[in-house]
Amino acid sequence: MGIQNKTMLITYSDSLGKDLKDLKENLEKYFKDAVGGVHILPFFPSTGDRGFAPIDYDEVDPKFGDWEDIKALGERYYLMFDFMINHISRKSKYYKDYQEKHEDSEYKDLFLNWDKFWPENRPSQADIDLIYKRKDRAPKQEIKFKDGSVENLWNTFGEEQIDLDVRTEVTMDFIKKNIDNLSKKGCDIIRLDAFAYAIKKLDTNDFFVEPKIWGLLDKIREMAVKNNVEILPEIHEHYKIQFKIASHDYFIYDFALPMLTLYSLYSGKVDRLKNWLEKSPMKQFTTLDTHDGIGVVDVKDIMTDDEIAFTTDQLYKVGANVNRKYSTAEYNNLDIYQINTTYYSALGDDDKKYFIARLIQAFAPGIPQVYYVGFLAGKNDLKLLEETKEGRNINRHYYSNEEIAREVERPIVKALLMLFKFRNRSEAFDLEGSISVENEGENIIIITRKNKDGSAVAKARIDLKNLAYKVTEDDKEIEFLNI
């Protein structure tokens, strides 16, 4: 099918109903014209991190369905799949084979050996301190072989997620095999999860290591292009890294928009948002929410440190059931630079503020991605959070079919569906077109989108102080529900 300039839903296979069949049925019944693409979060057999510790990519986890269910979705929507470029499950056949056969395993070079990586008498504490880590210790894990020997492997993320060694031929063959397979299974864009961690190099921080990272990215793109598939590197860090990737003509994420939009709605001021929208590329996917928390590090130098602190403090002050402890080690938070909450609750479960946030996203450069909880204006799920003691589960509610039928009747959800149907239909939101952003004083922003030849024009005038808006298309006012 190929990527279309239409709103992409982000969802787990079992979050909008119990499985992929329910997902397709609910999309057709309630979201049909509001959604053009679906990012199906990892649906492979996995041993942790809700799918992000894959055992392999050859099959669909039977509890979700099978490849025929994926194919059925792909006949109606363009699809994004995840490929975990940095790691694989320690319960995979590859790891088990290595554990059993040690040096005789054909997969021994698939994994990045911590002990062999370092020269003699290293790593020092300074070496470990230099690493861009996701936890407060050296990113390694012990492996005990059947022959009784013990070594250490790189282990950046959770204990189930063992790092791959992308320098080796075995790993590159593994990557190629899976890129080819996912492409044949109906994928239009492959999201390279944790991409910036994939290259490790001595005397660096082992995060987005240049120039080697470009060599890896270009090799993967060559594999994907042969299959008519795009790739999307997933990176949470300084916006200049995203812009570097964009300069190489890749799709990127706009992970700065969530905090910027919160700041704009908390403060009523449009200056930071205006500056950002004017410099953002068109070839990107925009987000307000994802399966992870709201990224803070992504707005460094877009907002001042004081503005970031103000936004964070306001989030905990005005957000509904947002608590600092939900983003700490007590709740297994893997990233100290993310805040765990639904976007709706971050805005105090306020329908008017929330609709304006989504209106900003709809008019921003790029293709909107809307997380399933966000599409249903979901509140923080404190029950699931406490049951699991997993901070990110506050934003990972499981919706039953009956619940979805109720939620889509809420005025705010109806308004969101109308908004994204308009966004998908209007020719003004052309990725080859233009955007212009003006302000009236410090509280009103006017965003104008035009297609390439200027024949279609959409405009949003948004008053962030009084929470008022007006949307026009070719000078005709577009009516949404009065939220």
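Preceding this paragraph is the structure being described.
Throughout what follows, the structure given in this document is the object of discussion.

1. Considering the overall build of the chain
Counting secondary structure elements, the chain contains 17 helices and 19 strands. What you see for the chain is a C-alpha radius of gyration of 22 Å, in line with the 23 Å of a compact globule of 483 residues. Projecting the C-alpha coordinates of the chain onto the three principal axes gives extents of approximately 75 × 50 × 45 Å. When the 483 residues of the chain are sorted by exposure, 61% land in the buried category. Contacts in the chain between residues far apart in sequence, at least 24 positions, make up 71% of those at least 6 positions apart.

2. Side note on the pairing of strand β1 (residues 8-11)
With burial as the criterion, each face of β1 is covered, one bearing Met-8 and Ile-10 and the other bearing Leu-9 and Thr-11. Of the strand pairs in this sheet, β1 and strand β14 (residues 367-371) are connected by three bridges, and their pairing is parallel. Its bridge partner being in β14, Ile-10 is matched across the sheet by Tyr-371. Bridge analysis of β1 against strand β2 (residues 37-40) gives four bridges, and the strand direction is parallel. Across the sheet, residue Leu-9 finds its bridge partner in β2, namely Val-38.

3. Points about the sheet that holds strand β16 (residues 444-450)
The pairing of strands in a sheet comes from backbone hydrogen bonds and takes either a parallel or an antiparallel form. The strand order β15-β16-β17-β18-β19 describes an open sheet built from five strands, whose pairing is antiparallel. Two strands close off the open sheet at either side, each with one partner strand: β15 (434-440) and β19 (476-477). Where β16 meets strand β17 (residues 457-463), seven bridges bridge the pair, whose relative direction is antiparallel. Paired with Thr-448 across the bridge in β17 is Lys-459.

4. Section: the nonpolar core
Of all hydrophobic cores here, the largest spans 143 residues; its most connected members are Phe-111, Ile-175 and Phe-363. Sequence-distant contacts of Phe-111, defined by excluding residues within four places in its chain, comprise Ile-88, Tyr-94, Tyr-95, Tyr-98, Leu-153, Ile-162, Asp-163, Leu-164 and Asp-165. Grouped together as the second largest cluster of nonpolar side chains are 10 residues, Met-8, Met-80, Ile-189 and Phe-285 included.

5. Concerning a negative patch on the surface
A surface patch of negative charge is lined by Glu-427, Asp-453, Asp-474 and Asp-475. Note on placement: Asp-475 falls in the loop between β18 (468-473) and β19. Its relative accessible area of 79% is what places Asp-475 among the exposed residues.

6. A short note on the pattern of salt bridges
By the definition in use, this model includes 40 salt bridges. Between Arg-392 and Asp-49 there is a salt bridge, and its shortest N-O distance comes to 3.0 Å. Placement of Arg-392 in the loop between α15 (382-388) and α16 (401-407) and of Asp-49 in the loop between β2 and α2 (67-74) is noted, with a sequence separation of 343 residues between them. Between Asp-203 and Arg-122 there is a salt bridge, with its nearest N and O atoms 2.8 Å apart. One end of the pair, Asp-203, is in the loop between β8 (189-193) and α7 (212-225); the other, Arg-122, is in the loop between α4 (114-117) and α5 (125-130), with 81 residues separating them in the sequence. By relative accessible area, which is 54% here, Asp-203 ends up exposed.

7. Regarding the side chain of Ser-345
As for its position among the elements, Ser-345 is in helix α12 (residues 343-346). Take Ser-345: its relative accessible area is 1%, and that puts it in the buried class. Those residues in contact with Ser-345 that lie beyond four places of it in its chain are Gly-319, Ala-320, Val-322, Gly-378, Lys-379 and Asn-380.

8. Some words on the sheet that holds strand β9 (residues 230-233)
An order of β9-β8-β3-β2-β1-β14-β11-β10 is seen for the eight strands of this open sheet, with the pairing classed as parallel. On the outer flanks of this sheet lie β9 and β10 (252-254), each paired with one strand and no other. Pairwise comparison of adjacent strand axes, ignoring direction, gives a mean angle of 30° for this sheet. Note: β8 against β9, four bridges, orientation parallel. Its bridge partner being in β9, Ile-190 is matched across the sheet by Ile-231. Each of β3 (78-84) and β8 is contacted by helix α6 (residues 169-184), which is oriented at about 160° to β3, the strand it contacts most.

Each value, and the rule that gives it
Residues numbered from 1 in each chain as written. Predicted model: local features only at pLDDT ≥ 70, side-chain atom pairs only at ≥ 80, totals over all residues. Heavy atoms only, no water. Helix = DSSP H or I, 4+ residues; strand = E, 2+ residues; numbered from the N terminus. Rg over C-alpha atoms; globule rule 2.2 N^0.38 Å. Buried < 20%, exposed > 50% of the residue type's maximum accessible area, 1.4 Å probe, protein only. Contact = heavy atoms within 4.5 Å. Pairing = 2+ DSSP bridges. Core = buried A, V, L, I, M, F, W, Y, C linked by side-chain atoms within 4.5 Å. Patch = residues over 30% accessible without salt bridge, like charges linked within 9 Å, V, L, I, M, F, W, Y side chains within 5 Å. Areas by Shrake-Rupley, 256 points an atom, 1.4 Å probe, with all protein chains shown as cover. Salt bridge = Lys/Arg side-chain N within 4 Å of Asp/Glu carboxyl O. Lys, Arg positive; Asp, Glu negative; His and termini not counted. Charge placed at Lys NZ, Arg CZ, Asp CG, Glu CD. Axes fitted to C-alpha atoms, helices over the stretch in contact; angles between N-to-C directions.

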